[in-house]
Amino acid sequence: MDAFSGSHANDDRHGFLGREVLELGTLLFAAGAAHLLVVSLGHSDSGVRALIVLGSLLLAFSALHRWRRHRRRSPVNTTTAPFPDRTRSPVEDRLWSVRVTVADVPGGLAALTGRFAALGVDIRLMQVHPDGTDAVDEFFVTVPPNVDEADLRRAVRDAGGRRAVVRTADVHELSDTTSRTLTLVDALVTGATTLERCLIALAAAHEVRHVGPRQIQRSVEGAGPGTSGPREELSGTVMTLPAPGGGSLTVHRAGLPFTPVEFARCRALAQVARSLAEAPLGR
């Protein structure tokens, strides 16, 4: 290893000396050529004029070369202007919820995500709600400032999606459903909130109405024999759940039907609230 290092150092030294000799020789040659040119032309008026003209031409050529090089560089700095989406700030993005029914077949989801990608849409969270032969997919996406609700609906339609519901979303909805459900259960156990508020937060509902036991009893008596009390029921944008302590809760969400998966989540949450209400004090 030492012998190799020594030979390598000698090669570098010889190479360095060779370059020095070459540069020195070039400098002496240039100096001699310049002196010969000045001596040959400088003793006559025509020679002086020739030197001045030659120097002026060289200066003009240098200035022209610098100007053309600067002109070629300037468009490079402006080519980013037609592509503002690549340099946009995340603050300018808007969060949307896109819920769409797609055929539960291979490639159905890929077509929709491809349309989103063409618009510059960033999928932040996706939830799948199985519904028989179809699937209800909900996307939480951020979009560039130049993309609006109509663009999202058009992308869904072109990808073969049906029954699209597009709305602005809140950043708190980006948390996964499991974490959000556990947080709501903890709030119920500690008494920090009510079941009605938990259902609104879990299902993005607009209204939860409580029907008391007496009102239900009067409805049952008026309906005649064979009619039972409060029951669990899902019907489009409305679902009914038994309330803790008696009665029922009617959960409503305008314009967006509940899925069986959402109904099952809310039913389980209501069961937790009923178990807490029926538990003996001090347990």
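Draft legend 1. Structural context of the packing of aromatic side chains. Inspection of every chain in the model, using the stated rule, returns 1 aromatic pair. Relative to Phe139, the ring of Phe116 lies with its centre 5.5 Å away and its plane at 85°, an arrangement referred to as edge-to-face. In this pair, Phe116 is assigned in helix H3 (residues 108-118) and Phe139 in strand E3 (residues 134-143), connecting sequence segments 23 residues apart. Judged by relative accessible area, Phe116 falls into the buried class, the value being 0%. On the accessibility criterion, Phe139 (0% relative accessible area) is buried.

Draft legend 2. Spotlight on the pairing of strand E1 (residues 94-103). Within E1, 8 of the 10 residues are buried, which leaves the element mostly enclosed by the surrounding structure. Two strands pair when backbone bridges link them, and E1 and strand E4 (residues 162-168) are joined in this way by 5 bridges, in the antiparallel orientation. The residue of E4 that forms the bridge with Arg99 is Val165.

Draft legend 3. Layout of the packing of helix H5 (residues 177-190) against helix H6 (residues 195-203). In the contact formed by H5 and H6, the axes pass within 10 Å of each other and the chain directions differ by 170°. By the angle class used here, H5 and H6 are roughly antiparallel. On the side of H5, the interface is formed by Thr177, Arg180, Thr181, Leu184 and Leu188, while H6 contributes Leu195, Cys198, Ala201 and Leu202. Here the residues of the contact of H5 with H6 are counted per class, giving 6 nonpolar, 2 polar and 1 charged.

Draft legend 4. Molecular detail of the nonpolar core. Residues Leu195, Leu199, Met239, Val251, Cys266 and Leu269 are the most contacted members of the largest nonpolar core, which totals 20 residues. Secondary structure elements with two or more residues in this core: H5, H6, strand E7 (238-242), strand E8 (248-252) and helix H8 (260-278). If sequence neighbours within four positions are ignored, Met239 has contacts with Ala203, Glu233, Leu234, Leu249, Thr250, Val251, Phe258, Phe263 and Cys266. Trp96, Leu112, Val143 and Leu152 belong to the second largest nonpolar core, which has 17 residues in total.

Draft legend 5. Just H8, in detail. A rise of 1.5 Å per residue sets the reference length of H8, with its 19 residues, at 27 Å; its end C-alpha atoms lie 27 Å apart and thus fit the reference within 8%. Among the residues of H8, those classed as buried are Glu262, Phe263, Cys266, Leu269, Ala270, Ala273 and Arg274. Buried residues of H8, seen end-on, are gathered within an arc of 145° and therefore sit on one face of the element.

Draft legend 6. Layout of a nonpolar patch on the surface. The grouping of Leu109, Ile123, Met126 and Val128 at the surface amounts to a nonpolar patch, some 280 Å² of accessible area in total. Counting residues per element, the nonpolar patch draws most heavily on strand E2 (residues 122-131), at 3 residues. Following the sequence through the fold, Leu109 ends up in helix H3.

Cut-off values and rules
- Residues numbered from 1 in each chain as written.
- Predicted model: local features only at pLDDT ≥ 70, side-chain atom pairs only at ≥ 80, totals over all residues.
- Heavy atoms only, no water.
- Phe/Tyr/Trp six-rings, centres within 6.5 Å; stacked < 30°, edge-to-face > 60°.
- Helix = DSSP H or I, 4+ residues; strand = E, 2+ residues; numbered from the N terminus.
- Buried < 20%, exposed > 50% of the residue type's maximum accessible area, 1.4 Å probe, protein only.
- Pairing = 2+ DSSP bridges.
- Axes fitted to C-alpha atoms, helices over the stretch in contact; angles between N-to-C directions.
- Parallel < 35°, antiparallel > 145°, perpendicular 65-115°, else oblique.
- Contact = heavy atoms within 4.5 Å.
- Nonpolar A, V, L, I, M, F, W, Y, C, P; charged D, E, K, R; others polar.
- Core = buried A, V, L, I, M, F, W, Y, C linked by side-chain atoms within 4.5 Å.
- Expected span 1.5 Å × (residues − 1).
- Arc of directions from axis to C-beta.
- Patch = residues over 30% accessible without salt bridge, like charges linked within 9 Å, V, L, I, M, F, W, Y side chains within 5 Å.
- Areas by Shrake-Rupley, 256 points an atom, 1.4 Å probe, with all protein chains shown as cover.
- Salt bridge = Lys/Arg side-chain N within 4 Å of Asp/Glu carboxyl O.

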